[in-house]
Amino acid sequence: MFDVDWMGLLTREVLRERAAALIAEACAWTVGMSDQPHHLRTGGRIVATGLTVGERAAHGLPLSGEEDGRLDLGDARPGSFQDALNSVDATGTVAADRFDTDVLHPFVRATCLAAAERARRTRPADWAELADDVGEEESDLDGVVGAGGWEEPLRIDAEHLVLAALRDVPLIEVEAEGLPLSLVRAAEAVARAAAAPAEPGPVDDDLAGTLFLAGAAVTATGAPVPLAPAAAERLVEQLLAHGLEPGEVLGVLPHLPIEPATADEVAAILRSGGIG
């Protein structure tokens, strides 16, 4: 049995550093929930209540029912974020399950990859030994993370962070807090669609992980996309803080929602700093 405690501790440290970003992503995910028709499971069947989720919350009525949701989310304050997580949609899907798929799992994966990048950079000998222990190449961050088993316990920590911050907050307030980032996410999706090649080829796992981290760095700048040259310095800081090496930064620039002049400015900053 190999000792991975140091890496487990590192993933939790990186998660704590990224806690604000996780809460922001959670808030952005809720945007639009209030406008959706509200449903309850009654007698094993999904039925519409005739109100929207927001209207029901405004009347102080619970969003989840006795037959809905997950036990760990029970006893929620009516109309709160936790109550919304425990509600079901027209297909009978619990919102918390969608939240796990849409937000929690990818965020935790990206956090583990960021921790792996940091470990490879700051503890190269330990990282090499760890990669050998799990039977993966040092350069295969995705493979090592997948074999290390850090994601599942980190998801529990991430869920606790989200609930500690948002558990009893009214859904409408969570949506309002998440609106700015939600607009950024929508703009990013448009930019990605516009830049996508007609026949995209398969994306290497390492590149996919790097692009995910780079996208998180773009969001962390807080600047509107596509990023203008004025945001170049902040972008460099965030890219490096998210664990990207200078060479990786230059490689992902063409894939990011930034203006061409911004890419040039980023490259110039890296070179002037003697790390490009």
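About the criteria used
Residues numbered from 1 in each chain as written. Predicted model: local features only at pLDDT ≥ 70, side-chain atom pairs only at ≥ 80, totals over all residues. Heavy atoms only, no water. Helix = DSSP H or I, 4+ residues; strand = E, 2+ residues; numbered from the N terminus. Buried < 20%, exposed > 50% of the residue type's maximum accessible area, 1.4 Å probe, protein only. Contact = heavy atoms within 4.5 Å. Areas by Shrake-Rupley, 256 points an atom, 1.4 Å probe, with all protein chains shown as cover. Phe/Tyr/Trp six-rings, centres within 6.5 Å; stacked < 30°, edge-to-face > 60°. Lys NZ or Arg CZ within 6 Å of the ring centre and 35° of its normal. Core = buried A, V, L, I, M, F, W, Y, C linked by side-chain atoms within 4.5 Å. Pairing = 2+ DSSP bridges. Expected span 1.5 Å × (residues − 1). Patch = residues over 30% accessible without salt bridge, like charges linked within 9 Å, V, L, I, M, F, W, Y side chains within 5 Å. Salt bridge = Lys/Arg side-chain N within 4 Å of Asp/Glu carboxyl O. Lys, Arg positive; Asp, Glu negative; His and termini not counted. Charge placed at Lys NZ, Arg CZ, Asp CG, Glu CD. Axes fitted to C-alpha atoms, helices over the stretch in contact; angles between N-to-C directions. Left-handed = near helix turned anticlockwise from the far one by under 90°. Nonpolar A, V, L, I, M, F, W, Y, C, P; charged D, E, K, R; others polar. pLDDT = per-residue confidence, 0-100.

A. Here's a closer look at the overall build of the protein. Helices and strands together make up the secondary structure of the protein, namely 13 helices and two strands. Here the protein, with 276 residues, has 43% of them falling under the buried criterion. Intrachain contacts of the protein at a sequence separation of at least 6 include 67% that bridge at least 24 residues. Within the structure as shown, the protein displays about 13,800 Å² of accessible surface, and the carbon and sulfur contribution to it stands at 55%.

B. Highlighting the packing of aromatic side chains. One pass over the structure, following the stated rule, counts two aromatic pairs. When the centroid spacing of 5.1 Å and the interplanar angle of 70° are considered together, the rings of Trp-29 and Phe-99 count as edge-to-face. In this pair, Trp-29 is assigned in helix H2 (residues 19–30) and Phe-99 in helix H5 (residues 95–122), connecting sequence segments 70 residues apart. Classification of Trp-29 by relative accessible area gives buried; the value is 15%. Here Phe-81 and Phe-99 contribute two aromatic rings whose centre-to-centre distance is 6.2 Å and whose plane-to-plane angle is 85°, an arrangement assigned as edge-to-face. Taken together, the residues span a long stretch of sequence, with Phe-81 in helix H4 (residues 81–85) and Phe-99 in helix H5 at a distance of 18 residues. One exposure class covers both Phe-81 and Phe-99, and it is buried. Among the aromatic residues, those joined into a cluster by ring pairs are Trp-29, Phe-81 and Phe-99. The ring of Phe-107 carries Arg-18 above its face, with NZ or CZ at 4.2 Å from the centroid.

C. Geometry of the nonpolar core. Ranked by size, the top nonpolar core spans 69 residues in total, and within it Met-7 and Trp-127 carry the most contacts. The element that contributes the greatest number of residues to this core is H5, accounting for 14 residues. Ignoring sequence-local partners within four residues, the contact set of Trp-127 consists of Trp-6, Met-7, Ala-116, Ala-119, Arg-120, Glu-138, Leu-141 and Val-144.

D. Representation of the pairing of strand S2 (residues 45–52) within the structure. Note that strand S1 (residues 37–42) and S2 share five bridges and pair antiparallel. Considered in S2, the bridge of Arg-41 is made with Ile-46. The antiparallel hairpin formed by S1 and S2 contains two residues in its connecting segment, where Gly-43 sits at a positive phi of about 60°.

E. Inspection of helix H8 (residues 151–166) at higher detail. Its 16 residues place the ends of H8 22 Å apart at the C-alpha level, agreeing with the 22 Å of an ideal helix rising 1.5 Å per residue. For H8, the complete set of buried residues consists of Glu-151, Leu-154, Ala-158, Glu-159, Val-162, Leu-163 and Leu-166.

F. Spatial organisation of a negative patch on the surface. On the surface, Glu-129, Asp-132, Asp-133, Glu-136, Glu-137 and Glu-138 cluster together into a patch of negative charge. Mapped onto the elements of the fold, Glu-136 is located in the loop between helix H6 (124–134) and helix H7 (141–148).

G. Spatial organisation of the packing of H5 against H8. Where H5 meets H8, the axes come as close as 9 Å, and the angle between the chain directions of the two elements is 120°. Along this stretch, H5 crosses H8, giving a crossing that reads as right-handed. Facing Phe-99, Leu-104, His-105, Val-108, Arg-109, Thr-111 and Cys-112 of H5, the residues of H8 in contact are Glu-151, Leu-154, Arg-155, Ala-158, Glu-159 and Val-162. Taken together, the residues of the contact of H5 with H8 break down into seven nonpolar, two polar and four charged.

H. Spotlight on the confidence of the model for the protein. Taken over all residues, the pLDDT of the protein has a mean of 84, while the share at 70 or more is 87%. Low pLDDT, under 50, characterises residues 198–203; the stretch is placed with one contact to residues that sit more than four places away or in other chains.

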